[in-house]
Amino acid sequence: MNEKIEALKSSFDSELKKIANMVDLEALRVNYLGRKGKVTDALKGMGSLTDEQKKTVGRETNELKTAITVALAEKLEALKAQELQREINALPEFDISMPPDMTRGSYHPITLVQRQCEQVFKSMGFTVEDYAEVVTDYECFESLNIPKFHPARDMQDTLYVSDGIVLRTHTSPLQVRTMLKQKPPVAVVAPGRVYRRDSDITHTPMFHQVEGLLVDKHVTMADLRGTLTAFMREVFGSDTRIRFRPSFFPFTEPSAEADISCCMCGGKGHVNGTTCRVCKGTGWLEILGCGMVDPEVFKAVGYDPEEVTGFAFGLGVERIAMLKYGIGDLRMFFENDVRFLGQFA
Ligand code: DAH
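Described below are features of the structure shown in this document. The structure displayed is predicted, hence computed values, not measured ones. Each chain carries its own residue numbering, running from 1 in the written order of its sequence. Restriction of local features to residues with pLDDT of at least 70 applies here, the model being predicted, together with a cutoff of 80 or more for giving and counting side-chain atom pairs; totals for whole chains, interfaces and linings are based on all residues. Excluded from the side-chain calculations are hydrogens and water; all other atoms, namely the structure's heavy atoms, are used.

### Considering the packing of aromatic side chains
- Between the rings of Phe, Tyr and Trp (Trp by its six-membered ring), a pair exists once the centres lie within 6.5 Å; its type follows the angle of the planes, with under 30 degrees stacked, over 60 edge-to-face, and the other angles tilted. Per the stated rule, a full pass over the model turns up 11 aromatic pairs.
- Counting every residue linked through ring pairs, the aromatic cluster contains Phe121, Phe126, Phe231, Phe311 and Phe313.
- Across from the ring centre of tyrosine 107, 4.4 Å away, lies the NZ or CZ of arginine 115, which sits over that ring.
- Between the NZ or CZ atom of arginine 168 and the centre of the ring of tyrosine 131, over which it lies, the distance is 4.6 Å. Both a distance and an angle decide whether a charge sits over a ring: NZ of Lys or CZ of Arg must be within 6 Å of the ring centre and within 35 degrees of the ring normal.

See the structure below:
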């Protein structure tokens, strides 16, 4: 019996030496210590032994079990350590003495353009305002002479936060906010994010506008045209062509849209014989809406339309940035690719 145990021990030892992974190690454990394992097997036939012999064999078997258990545990630890070392070896080299990457960030082109707009208008005497992106239906539409049935309020375009509360679809609520808290004269611009349910090559669900409002005695359409022309010359340089087109906005009368010659095709409408995809062949890019403040809007804020007149405008910041930097796809602004953004450092 004693010899049997000795033999078991040495066969276990030699098998253990050959084990190189945890799966085989577990198989070895089952083979020796399992319910049908070799150690259990060895106890069979004990019935024919004397009590004294049984005691010895029992003790020796227990010692063997303990020895095997300890050896298995040590081997398991060794295998785990090997595994860890393999993983560490597979890691890319890391040199802690390398200096950190000190590449500096840059302002987003939208921020740059927005700031330039602010600066140009400030130089003309406008103040810069900031206000909420979540506004009431009244501020966004009703007070701006956009009645309940107007298509601009359609669920297609407007993102509703809750009943009567919207994500502003334009920066025009600024007009009402400003006039409600301030008596004329007013000369204010407000840059900011606006939201619409719209997404294609020239539209994103969130974009930026700069709203402007000037109210005083004797303000005319000529002041509007003069102010905006001066602004555009400042931003785009004197060779950019500008045109005003009659248009319609519920909160201005008369209304106009201003276009700038297309940045991609230089106003030709085509690039290398193919239709320009930015201006869709027209040669012009719409960058702002404007007009003389509608008397209805003045009435909504308690201004006397017999007393004062004013002009308002709302311009698209992304459009201006595309023009300024010759960017063909509006979506580049929102992808946050550092290779793109890094160019504005
Ligand atoms: N709010 C208009 C829009 O989002 C733009 C606009 C047009 C603003 C005419 C104005 C304006 O202030 O007078 O399309």
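Still more to cover.
### Regarding unusual backbone geometry
- Cis peptide bonds are those with omega within 30 degrees of zero, and the linkage from proline 184 to proline 185 qualifies with 5°.
- Residue position: proline 185 is located in the loop between helix H7 (173-181) and strand S5 (186-195).
- Following glutamate 253, the chain continues into proline 254 via a peptide bond in cis, with omega recorded as -5°.
- Of note, proline 254 is situated in strand S8 (residues 252-261).
- Non-glycine residue asparagine 145 carries a positive phi angle of around 65°.
- Non-glycine residue asparagine 336 carries a positive phi angle of around 55°.
- Each helix is a run of DSSP H or I of at least 4 residues and each strand a run of E of at least 2, with the numbering of both proceeding from the N terminus. Residue placement: asparagine 336 occurs in the loop between helix H11 (332-335) and helix H12 (338-341).

### Quick word on the side chain of lysine 75
- Positionally, lysine 75 belongs in helix H4 (residues 51-90).
- The buried label applies to any residue whose accessible area, calculated with a 1.4 Å probe on protein chains only, is under 20% of its type's maximum; exposed applies above 50%, and partly exposed to all values in between. As used throughout, the charge tally considers Lys and Arg to be positive and Asp and Glu to be negative, leaving His and the chain termini uncounted. One side-chain nitrogen of Lys or Arg within 4 Å of one carboxyl oxygen of Asp or Glu is enough to make a salt bridge. Salt bridges are absent for the buried lysine 75, whose nearest opposite-charge side chain, glutamate 74, sits at 9.9 Å.
- Whether two residues touch is decided by their heavy atoms; if any such pair falls within 4.5 Å, the residues are in contact. Excluding its chain neighbours within four sequence positions, the residues that come into contact with lysine 75 are Leu16, Lys17, Ile19 and Leu25.

### Let's talk about the nonpolar core
- Put simply, buried Ala, Val, Leu, Ile, Met, Phe, Trp, Tyr and Cys residues joined by side-chain atoms within 4.5 Å make one nonpolar core. One finds Phe231, Met232, Leu315 and Ile320 to be the most contacted residues of the largest nonpolar core, which totals 44 residues.
- Elements with a minimum of two residues in this core: helix H5 (109-123), strand S6 (206-216), helix H8 (221-236), S8, strand S11 (284-293), strand S12 (309-316), helix H10 (317-325) and H12.
- Counting residues per element, this core draws most heavily on H8, at 6 residues.
- Residues within four places of leucine 315 in sequence aside, it is in contact with Cys117, Phe121, His208, Gln209, Val210, Phe231, Ile287, Leu288 and Ile320.
- Listed in part, the 24 residues of the second largest apolar core include Val135, Leu213, Val297 and Tyr303.

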